[in-house]
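# Structure assessment
Listed below, chain by chain, are the residues.
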Amino acid sequence: MLDLLDALLGARIKLKKGESLYRAGDAFHSLFAIRLGSLKTTVLAEDGREQVSGYHMLGDIIGLDGIGTERHGCQAVALEDTEVCVLPFERLEDLAREVPPLQHNLYQFLSREISRDHNVMLLLGSMRAEERLAVFLLNLADRYRRRGYSSTEYVLRMTREEIGSYLGLKLETVSRTFSKFVDDGIVEVKQRHVRILDAEALKLYGGTYSTDCANPAAPRLRATTDALMVEQGRKRLTG
């Protein structure tokens, strides 16, 4: 069991801003737990444009796109200096069978990811620009809160162009909507620093989608892997 933990949790990958963790078409072998930093995932649209498909931060598990086809369907790019922990999928499956809580959290995590993708499709297909941006900002606030950080003040790691790509909006529309929120006293924006001044007003824009698609299973899955790392460290200390 502990030997398996050593093999499963030993590898780390450090990325500089702009470096790729994996690319579309790469063979799938592992999932990746983000330990530091953040990444975006991108796909190529039919017209050849790069489409941002996801924003991933500390505590998130990425690489799930490769499970079904055994090849990654998107590219994962570091938005800042980032460190990930490699979770070889075959070994993760073996370990999940041995540790029932991990298996339960893994299944729940996969289910939540399917639900998240469904909610993103609803977001892009049925909401106005103000609603989309409001949901995006509220979702980030909730994700930071779940990780013990401020839910009212944070840094946007994606550019406005990347946010527009993710939300299905033009750059000009994103900038105009940010300006509207600022003029209305809902948010304060200084370059990439965002401060939410009126969360209730922002929620009015977000409506029933204001909780969007934060993945509550991800922190629990990360907590499980962290607990396993503690066990690994204890083994090393006691020799």
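Everything quoted here is computed from the prediction, not taken from an experiment.

Here we come to the overall build of the protein chain. Within the protein chain one finds eight helices and eleven strands. Taken over 239 residues, the protein chain has a buried fraction of 49%. Long-range pairs, those at least 24 residues apart, make up 75% of the contacts in the protein chain with a sequence separation of at least 6. Accessible surface, the protein chain: about 12400 Å² in total, of which carbon and sulfur atoms supply 50%.

The interhelical angle for the contact between helix α5 (residues 160-167) and helix α6 (residues 171-183), taken along N-to-C directions, is 105°, at an axis separation of 8 Å. Relative to α6, the element α5 is oriented roughly perpendicular. Together, Arg160, Glu161, Ile163 and Gly164 of α5 and Leu171, Val174, Ser175 and Phe178 of α6 make up the contact between the two elements.

Let us look at the packing of aromatic side chains. Using the criterion set out here, one finds six aromatic pairs in the structure. Relative to tyrosine 154, the ring of tyrosine 144 has its centre 5.1 Å away and its plane inclined at 25°; by these criteria the two rings are stacked. Here tyrosine 144 is found in helix α4 (residues 129-146), whereas its partner tyrosine 154 is found in strand β9 (residues 153-155), with ten residues between them in sequence. Site record: aromatic cluster; members linked through ring pairs are Tyr144, Tyr149 and Tyr154.

Our next topic: the confidence of the model for the protein chain. Scored by pLDDT, the protein chain has a mean of 80; 75% of the residues are at 70 or more. Confidence drops under pLDDT 50 across residues 210-239; counting only partners more than four residues distant or on other chains, this segment forms 59 contacts.

Next up on the list: the sheet that holds strand β2 (residues 20-22). With antiparallel pairing, four strands are arranged side by side in an open sheet as β2-β7-β4-β5. The sheet is open, and its two borders are formed by β2 and β5 (50-57), each paired with just one other strand. Going from strand to strand, the sheet's axes swing by 30° on average, the running direction of each strand aside. One ladder, built from four bridges, connects strand β4 (residues 38-44) with strand β7 (residues 75-78); its direction is antiparallel. Paired with threonine 41 across the strands is alanine 76, a residue of β7. Across the sheet, α5 lies against β4 and β5, angled at about 100° from β5, the strand it touches most.

Spatially, the three strands line up as an open sheet ordered β9-β11-β10, and their pairing is antiparallel. For this open sheet the edge positions go to β9 and β10 (187-190), each flanked by a neighbour on one side alone. Here the average twist between neighbouring strands, direction ignored, is 15°. Helix-sheet contacts for α4 involve β9, β10 and β11 (193-196), and the interaxial angle to β9 is about 100°.

In this section: helix α7 (residues 199-206). Among all positions of α7, only Ala201, Leu202, Tyr205 and Gly206 are buried. Within α7, the buried residues cover an arc of 145° as seen down the axis, which keeps them to one side. When the buried face of α7 is taken as reference, the exposed residues oriented beyond 90 degrees from it are Glu200 and Leu204. Buried positions along α7 lie against α4, α6 and β11.

On to the nonpolar core. Ranked by internal contacts, the top residues of the largest apolar core, which has 30 residues, are Phe136, Leu137, Tyr154, Leu156, Ile163 and Phe181. Going through the elements one at a time, β5, α4, α5, α6, β11 and α7 are the ones with two or more residues in this core. Among the elements that line this core, the one with the most residues is α4, at nine residues. If we skip the residues at most four places from it in the chain, isoleucine 163 touches Leu133, Phe136, Leu156, Met158, Val174 and Phe178.

Moving on: the environment of histidine 56. Relative to the elements of secondary structure, histidine 56 occurs in strand β5. Histidine 56 sits in the buried class, given a relative accessible area of 12%. Linking histidine 56 and valine 77, residues 21 residues apart in sequence, is a C-alpha distance of 10.0 Å. With near-sequence residues (within four places) excluded, histidine 56 lies in contact with Ile34, Ser38, Leu39, Lys40, Thr41, Ile62 and Arg143. Within the local environment of histidine 56, its side chain forms a polar contact with the side chain of threonine 41, the two groups lying 3.0 Å apart.

What counts and how
- Residues numbered from 1 in each chain as written.
- Predicted model: local features only at pLDDT ≥ 70, side-chain atom pairs only at ≥ 80, totals over all residues.
- Heavy atoms only, no water.
- Helix = DSSP H or I, 4+ residues; strand = E, 2+ residues; numbered from the N terminus.
- Buried < 20%, exposed > 50% of the residue type's maximum accessible area, 1.4 Å probe, protein only.
- Contact = heavy atoms within 4.5 Å.
- Areas by Shrake-Rupley, 256 points an atom, 1.4 Å probe, with all protein chains shown as cover.
- Axes fitted to C-alpha atoms, helices over the stretch in contact; angles between N-to-C directions.
- Parallel < 35°, antiparallel > 145°, perpendicular 65-115°, else oblique.
- Phe/Tyr/Trp six-rings, centres within 6.5 Å; stacked < 30°, edge-to-face > 60°.
- pLDDT = per-residue confidence, 0-100.
- Pairing = 2+ DSSP bridges.
- Arc of directions from axis to C-beta.
- Core = buried A, V, L, I, M, F, W, Y, C linked by side-chain atoms within 4.5 Å.
- Polar contact = N/O pair within 3.5 Å; in protein donor to acceptor, adjacent residues only side chain to side chain.

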